[in-house]
Amino acid sequence: MPALAVNACPCDSGLPYKACCGPLHEGRAAPDAAALMRSRYCAYVLAIEPYLLATWHASTRPVQLAPHTAAPPKWLGLEVRRHLASGSDTAIVEFVARYRVGGRAHRLHEVSRFVRENERWYYLDGDFPAATHG
C-alpha cells in the first residue's frame, strides 16, 4: 500500500489520499464511475498494477498492462471534464490526463465507458476524441 498518509491524492480531488483513492485501492467499492476513474488514474501514478487489472472489466481486460519500452511516464495532473450516467449500471467519464515522457509533455484525452456489476464499477473501454485546438 502506498505511503501517502496526509499527502494530497494524486487524482487532483483536493482530498488527502487516505480520504480519497486510498480506501478504493484497499478494496472499498467506488461509489460511481467518476470515483473509479480517479482511483485508476491514481493507481497509474502510484504504479498499482493489480488494482488497475482488478478494476478493468473481464470482457476487455488485458492479461497484463503493456510494458513501457521507454522511460515510464511522469503523471502531472488530471482533469475530469464530465461524468454522465448513461443507464442504471453504465456511465461515461471524459477526462484529460497530463504526463511527461523523456522531457516531453503529452495529454491523454479519453471518453471512457464504465459498467457496474454486483455493486462494483469497472472500466470497460474508451474512445480518444480528435485533438482540438484553441
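Up top is the structure these notes are about.
A few points on the structure.

## Digging into unusual backbone geometry
Then comes step 1: One non-glycine residue with positive phi stands out, namely N118, at about 50°.
Then comes step 2: Note that N118 resides in the loop between strand 3 (104-117) and strand 4 (120-127).
Then comes step 3: One non-glycine residue, E119, lies in the positive phi region at around 70°.
Then comes step 4: A residue is classified by how much of its surface remains accessible, and E119, at 63% relative accessible area, is exposed.

## Structural notes on the environment of I92
Then comes step 1: Examined against the element boundaries, I92 turns out to sit in strand 2 (residues 90-101).
Then comes step 2: Discounting residues that sit within four places of it in the chain, I92 has contacts with R82, H83, L84, S86, V111, S112 and R113.

## Concerning the pairing of strand 4
Then comes step 1: As paired elements, strand 3 and strand 4 share seven bridges and run antiparallel to each other. Of the residues in strand 4, the one forming a bridge with R113 is D125.
Then comes step 2: Here strand 3 folds back onto strand 4 in antiparallel fashion, the turn holding two residues, of which N118 has a positive phi close to 50°.

## What about the nonpolar core?
Proteins that are soluble and globular tend to have nonpolar side chains buried together.
Then comes step 1: Counting residues in hydrophobic clusters, the biggest one holds 30 residues, and the most contacted among them are C9, C11, C21, L78 and F114.
Then comes step 2: Taken together, the elements giving at least two residues each to this core come down to helix 2 (33-46), helix 3 (49-54), strand 1 (74-87), strand 2 and strand 4.
Then comes step 3: If you tally residues by element for this core, the top one is helix 2, at eight residues.

## Some words on helix 2
Then comes step 1: Relative to the 20 Å expected for 14 residues at 1.5 Å per residue, helix 2 spans 20 Å between its end C-alpha atoms, a close match to the ideal helical length.
Then comes step 2: Counting buried positions along helix 2 gives 10 out of 14 residues, so the element sits mostly inside the fold.
Then comes step 3: Buried within helix 2 are the following residues: A33, A34, A35, L36, M37, S39, R40, Y41, C42 and A43.
Then comes step 4: By the N-cap criterion, in which a side-chain oxygen at the helix start approaches the backbone nitrogen of a residue two or three places on, helix 2 is capped by D32, the distance to A34 being 3.2 Å.
Then comes step 5: The positive-phi residue at the C-terminal boundary of helix 2 is A47, with phi of around 60°.

## Thoughts on the packing of aromatic side chains
Both the distance between ring centres and the angle between the ring planes are used here to describe each pair of aromatic rings.
Then comes step 1: In this structure the tally under the stated criterion is five aromatic pairs.
Then comes step 2: With centroids separated by 6.0 Å and ring planes inclined at 50°, the aromatic side chains of Y44 and W75 adopt a geometry described as tilted. A residue pair is termed long-range when its members are at least 10 positions apart, and Y44 in helix 2 and W75 in strand 1 qualify at 31 residues.
Then comes step 3: Here W75 and Y99 contribute two aromatic rings whose centre-to-centre distance is 5.1 Å and whose plane-to-plane angle is 50°, an arrangement assigned as tilted. A residue pair is termed long-range when its members are at least 10 positions apart, and W75 in strand 1 and Y99 in strand 2 qualify at 24 residues.
Then comes step 4: Members of the aromatic cluster, connected to one another through ring pairs, are Y41, Y44, W75 and Y99.

Criteria and cut-off values
By convention here, each chain's residues receive numbers from 1 onward along its written sequence. pLDDT decides what is reported in this predicted model: residues at 70 or higher carry local features, side-chain atom pairs at 80 or more are listed and counted, and totals for whole chains, interfaces and linings draw on all residues regardless. Side-chain metrics in this entry use all non-hydrogen atoms of the structure; hydrogen atoms and water are not considered. A run of H or I in DSSP counts as a helix once it spans at least four residues, and a run of E counts as a strand once it spans at least two, with each numbered from the N terminus. Residue exposure (1.4 Å probe, protein chains only): buried if accessible area is under 20% of the type maximum, exposed if over 50%, otherwise partly exposed. Throughout, a contact is declared for two residues whenever any of their heavy atoms are within 4.5 Å. Each pair of strands is called paired provided DSSP finds at least two bridges between the two strands. Among buried residues, the Ala, Val, Leu, Ile, Met, Phe, Trp, Tyr and Cys ones that are joined through side-chain atoms within 4.5 Å form a nonpolar core. Here a helix's expected span is defined as the number of its residues, less one, multiplied by 1.5 Å. For the purposes of these results, a polar contact is taken to be a pair of N or O atoms within 3.5 Å, where, inside protein, one atom must be able to donate a hydrogen and its partner to accept one; residues adjacent in sequence count only when each atom of the pair is a side-chain atom. Aromatic rings from Phe, Tyr and Trp, taking only the six-membered ring of Trp, are treated as a pair when their centres fall within 6.5 Å; an angle between ring planes under 30 degrees marks them as stacked, one over 60 as edge-to-face, and anything in between as tilted.

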